[in-house]
2 protein chains.
Amino acid sequence: MGQEIERKFLVLGDAWRHDAAGTVYRQGYLSTVKERTVRVRTIGERGFLTVKGLTVGATRSEFEYEIPVDDADRMLDGLCERPLIEKTRYVVATGGHDWEIDEFAGENAGLIVAEVELEAEDEAVELPAWAGEEVTGDPRYYNANLIAHPFSRW
Amino acid sequence: MGQEIERKFLVLGDAWRHDAAGTVYRQGYLSTVKERTVRVRTIGERGFLTVKGLTVGATRSEFEYEIPVDDADRMLDGLCERPLIEKTRYVVATGGHDWEIDEFAGENAGLIVAEVELEAEDEAVELPAWAGEEVTGDPRYYNANLIAHPFSRW
């Protein structure tokens, strides 16, 4: 199984916005027990229900089903644990890489992070001017922490 | 919304078996939090994932999706809370009614209950000879209790 190598940076200013088209993500959890998490997510106009188990060795059980987006919205609005994670994801091509920029909303409003996926840990990356402090591996920026400790309360 | 009127009885002997064809049910839970229960179930060769919210007035949010039976089996075997509810359901037509007889297995082995659905609470029912003690409304026989306190430990 492949291992994702990603670097994550805070985002400075608005210069990255000019050519970026965003997709709205909303996600919430029906179970956050780590042996059996159940996530509801909408990506634009599509809905998904995802069940994940524990990682054992290199294997994590994961089952994802596309569901009607209206069902997903009703579960997000009425059933999921609070708060939800809400963000708009922009993909910006620069320096030979596609960067994913997540601009959070709701209780994490004000947080903007950019991620770039690499082939190798020592691969050189030309950092765009809007890439600020590197926060790769900082647990404060994990989704689980953004639910338990949203950015607006930091 | 309709209200189900059902009477439930313990089952005596094996006389009901002669013409009954059974379907195997297995079910388990990814979440038993009452605000957001998530149930995995197989009925014969079909799999289902069901999300339910709280009952508010006469309305309970419920979302059910058919999923590949292999996925359901893997979730039941590897992810769901223990114990599972396992039973074979038989439908027996007698006295003008269809009776559902559930013969439990696993940690509830030894328990056999029969249910009949009625049009009205005072509808007369011709009780078959194999219908024993009535246990309608007895919470010990609810699914939630059969998970928390399986019959084999009574």
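Presented here is a report on the structure given in the accompanying data block. (Residues numbered from 1 in each chain as written. Chains lettered and ligands numbered in written order. Predicted model: local features only at pLDDT ≥ 70, side-chain atom pairs only at ≥ 80, totals over all residues. Heavy atoms only, no water.)

Quick word on the pairing of strand E6 (residues 85-94) of chain A
Heads up, the condition is: Each pair of strands is called paired provided DSSP finds at least two bridges between the two strands. Elements are defined by DSSP. Helices are runs of H or I of four residues or more, strands are runs of E of two residues or more, and each kind is numbered from the N terminus.
Of the strand pairs in this sheet, strand E2 (residues 22-31) of chain A and E6(A) are connected by six bridges, and their pairing is antiparallel. Looking across to E6(A), one finds that A:Gly22 is bridged to A:Tyr90.

Examining the nonpolar core
Applicable threshold: Nonpolar core, defined: a set of buried Ala, Val, Leu, Ile, Met, Phe, Trp, Tyr and Cys residues in which side-chain atoms within 4.5 Å join the residues together. Each residue gets one of three labels from its accessible area relative to the maximum for its type: buried under 20%, exposed over 50%, partly exposed in between, using a 1.4 Å probe on protein chains only.
Counting 28 residues, the largest nonpolar core has A:Leu30, A:Leu49, A:Met75, B:Leu30, B:Leu49 and B:Met75 as the members making the most contacts within it. Secondary-structure elements contributing two or more residues to this core are strand E3 (37-43), strand E4 (46-56), strand E5 (59-67) and helix H1 (69-78) of chain A together with strand E3 (37-43), strand E4 (46-56), strand E5 (59-67) and helix H1 (69-78) of chain B.

Notes on the environment of B:Glu123
Residues and elements named next belong to chain B. Stated formally: Residues count as neighbours in contact if any of their non-hydrogen atoms are within 4.5 Å of one another. As used in this structure description, the phrase polar contact means that two N or O atoms lie within 3.5 Å; if the pair is within protein, one of them must be able to donate a hydrogen and the other to accept it, and residues adjacent in sequence are counted only when both atoms belong to side chains.
Here Glu-123 shows up in the loop between strand E8 (112-118) and strand E9 (131-134). Along the primary structure Glu-123 and Leu-79 are separated by 44 residues, whereas in three dimensions their C-alpha atoms are 43 Å apart. Ignoring sequence-local partners within four residues, the contact set of Glu-123 consists of His-97 and Leu-118. A polar side-chain atom of Glu-123 sits 2.9 Å from a polar atom in the side chain of His-97. One polar contact links the side chain of Glu-123 to the main-chain amide nitrogen of Glu-119, over a distance of 2.6 Å.

A look at the interface of chain A and chain B
For clarity, the threshold we go by: Accessible area that two parts lose when put together, evaluated with a 1.4 Å probe and summed over both, is termed the buried area. We define a salt bridge as a contact between a side-chain nitrogen of Lys or Arg and a carboxyl oxygen of Asp or Glu at a distance within 4 Å. Think of it as three bins: nonpolar holds Ala, Val, Leu, Ile, Met, Phe, Trp, Tyr, Cys and Pro, charged holds Asp, Glu, Lys and Arg, and polar takes everything else, Gly as well.
In this complex, chain A contributes 21 residues to the contact, which on the side of chain B involves 21 residues. Buried area between chain A and chain B, summed over both chains or domains, comes out near 1,700 Å², and the portion from carbon and sulfur atoms is 73%. Looking at the side of chain A facing chain B, the largest losses of area belong to A:Arg36, A:Phe63 and A:Leu79, adding up to 37% of the total buried there. Inspection of the chain A/chain B interface yields zero salt bridges. Run the count over chain A and chain B and you get four residue pairs in polar contact (both at pLDDT 80 or more). Every element with two or more residues in the side of chain A that touches chain B is listed here: E2, E4, E5 and H1 of chain A. Taken together, the residues that form the side of chain A that touches chain B break down as twelve nonpolar, three polar and six charged.

Some thoughts on the relation of the copies chain A and chain B
Just so we agree on the cut-off: Each copy is superposed on the other by least squares, with the fit set by C-alpha atoms of residues at a pLDDT of at least 70 in both.
Superposing chain A onto chain B requires a rotation of 180° together with a translation of 0.0 Å along the rotation axis, leaving an RMSD of 0.0 Å. In short, the pair behaves as if placed about a two-fold rotation axis. Nearest to the rotation axis, the C-alpha of A:Ser31 is located 3.0 Å from it, this being the minimum over chain A. Mapped onto chain B, 100% of the interface residues of chain A are again interface residues, and the two copies thus contact each other with one and the same surface.

Regarding the pattern of salt bridges
All names here are of chain B. All told, the structure shown has 30 salt bridges over all chains when counted by the stated rule. The closest approach of N and O atoms between Lys-87 and Asp-102, which form a salt bridge, is 3.3 Å. Taken together, the positions of Lys-87 in strand E6 (residues 85-94) and Asp-102 in strand E7 (residues 97-104) put the pair 15 residues apart, joining distant regions of the chain. The pair Lys-87 / Asp-102 is uniform in exposure class, with both members buried. Where Glu-107 meets Arg-153, a salt bridge forms, and the shortest distance between an N and an O atom there is 2.6 Å. Taken together, the residues span a long stretch of sequence, with Glu-107 in the loop between E7 and E8 and Arg-153 in the segment after helix H2 (143-148) at a distance of 46 residues. For Glu-107, a relative accessible area of 31% corresponds to the partly exposed category. A relative accessible area of 56% places Arg-153 in the exposed class.

Here's the deal with the packing of aromatic side chains
The test is simple: Two rings from Phe, Tyr or Trp (for Trp, the six-membered ring) form a pair when their centres are within 6.5 Å of each other. A pair whose planes differ by under 30 degrees is stacked, one over 60 is edge-to-face, and the rest are tilted.
With the rule as written, the count across this model stands at ten aromatic pairs over all chains. Ring geometry for B:Trp16 versus B:Tyr90: centroids 5.1 Å apart, planes at 65°, classification edge-to-face. Taken together, the residues span a long stretch of sequence, with B:Trp16 in the loop between strand E1 (5-11) and strand E2 (22-31) and B:Tyr90 in strand E6 at a distance of 74 residues. For the pair B:Trp16 and B:Tyr90, a shared accessibility class is recorded, and that class is buried. Relative to B:Trp154, the ring of B:Tyr141 lies with its centre 5.2 Å away and its plane at 70°, an arrangement referred to as edge-to-face. Of this pair, B:Tyr141 sits in the loop between E9 and H2 while B:Trp154 is found in the segment after H2, placing the two residues 13 residues apart along the sequence. Assessed through its relative accessible area of 40%, B:Trp154 is described here as partly exposed. Ring pairs connect the aromatic residues A:Phe9, A:Trp99 and A:Trp130, which therefore count as one cluster.

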